[in-house]
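Now for the letters of each chain:
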Amino acid sequence: MKRFYKEASVSPVGDAFAILLDDRPVKTPQRNPLALPTARLADAIAAEWAAQGEDINPATMPLTGLAQGALDQVANERGRIVDRIAAFADSDMLYYRADAGQQALVDHQADRWDPLLDWARERYDVDFKLIYGIRYEAQPEQTIERLAEAVEAQDGFAVAAMLSLVGLSGSLIATLALVEKAYDATKLWPLVNLEELWQEQQWGRDDVAVAMRNLKQAEFEAATRFLDLSRT
């Protein structure tokens, strides 16, 4: 799409902050006003619009995309999206460890991942079953319920960020650690890519895999920033 405006700005509207293009309110794909809960998030999204060249490139506007998701998808399908996020309570990547034939990796996983699980145990009063090798084992029912409640307690903008974060990381525990500000994205990203980084150390760098990981990291950091900016 060609750029059709000269200026992007922010205007308070009630308790929200609207994005304006040449003083006209921006609409989401489902025709909802692009109105944000904080001035910080609105300013950052306005900056994305202002930074566009002759053509509008949505790939360079991750905060706008996440806001549209919150205002369109989450607002209309909150239950389904919350359930999709909460499903990771039973399949979090942090539960799954290498088998006994890879003891060095098992030890490395324990060293890096166990502190994050310990944080979740204390924070939510839950416990986890660790699974060695490739098999499925259900987590305790209380664990699933309490982690699902933690997801349900978030507002629509946080839920939109969490949907992106769990998809990129494979970990609800890591995502909740970001929500609770117990860990930052810089520390968490290597943890959720631990096995891939371990394989690189053992067998060498795969440039294609590194490029893909870097793209995902940029999305992960954008979702984390969105989460932070959406809060007062």
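Structure: above.
An account of the accompanying structure is given in this report. (Residues numbered from 1 in each chain as written. Predicted model: local features only at pLDDT ≥ 70, side-chain atom pairs only at ≥ 80, totals over all residues. Heavy atoms only, no water.)

1. A look at the environment of Pro115
Here comes step 1: Position of Pro115 among the secondary structure elements: in helix α3 (residues 103–124).
Here comes step 2: When sequence neighbours within four positions are dropped, the list of residues in contact with Pro115 reads Ala110 and Tyr183. (Helix = DSSP H or I, 4+ residues; strand = E, 2+ residues; numbered from the N terminus. Contact = heavy atoms within 4.5 Å.)

2. Points about helix α1 (residues 39–50)
Here comes step 1: The end-to-end C-alpha separation of α1 is 16 Å, in line with the 16 Å expected for 12 residues at 1.5 Å each.
Here comes step 2: On its buried face, α1 sits against β1 (8–13), β2 (16–21), β4 (35–36), α2 (62–86), α5 (156–169) and α9 (207–229). (Expected span 1.5 Å × (residues − 1).)

3. Some points on the pairing of β1
Along any regular strand, the residues point their side chains to alternate faces of the sheet.
Here comes step 1: Judged from the 6 bridges that link them, β1 and β2 form a sheet pairing that is antiparallel. Pairing of Val13 across the sheet is with Ala16, part of β2.
Here comes step 2: Hairpin geometry of β1 and β2 is characterised by an intervening segment of 2 residues between the two adjacent antiparallel strands and by a positive phi of about 65° at Gly14. (Pairing = 2+ DSSP bridges.)

4. Remarks on the pairing of β2
Here comes step 1: When you tally the buried positions in β2, you get 5 out of 6 residues, the bulk of the element.
Here comes step 2: In the sheet, β2 pairs with β4 via 2 bridges, with the strands oriented antiparallel. What sits directly across from Ala18, in β4, is Ala35.
Here comes step 3: Bridge analysis of β2 against strand β3 (residues 24–25) gives 2 bridges, and the strand direction is antiparallel. Note on β3: the bridge partner recorded for Leu21 is Arg24.
Here comes step 4: Adjacent in sequence and paired antiparallel, β2 and β3 are bridged by 2 residues, among which Asp22 carries a positive phi angle near 50°. (Buried < 20%, exposed > 50% of the residue type's maximum accessible area, 1.4 Å probe, protein only.)

5. Quick word on the pattern of salt bridges
Between side chains of opposite charge, a pair can form when the charged atoms approach closely.
Here comes step 1: Counted by the stated rule, this structure contains 14 salt bridges.
Here comes step 2: Between Arg97 and Asp114 there is a salt bridge, and its shortest N-O distance comes to 2.9 Å. One end of the pair, Arg97, is in strand β5 (residues 96–97); the other, Asp114, is in helix α3, and 17 residues separate them in sequence.
Here comes step 3: Overall, Asp114 belongs to the partly exposed group, its relative accessible area being 24%.
Here comes step 4: For Arg121, the salt bridge is made with Asp118, and the minimal N-O distance between the two is 2.8 Å. In this pair, Arg121 and Asp118 are both assigned in helix α3, 3 residues apart and thus about one turn of the helix distant.
Here comes step 5: Several salt bridges share partner residues, and in doing so they unite Asp118, Arg121 and Asp127 into one network. (Salt bridge = Lys/Arg side-chain N within 4 Å of Asp/Glu carboxyl O.)

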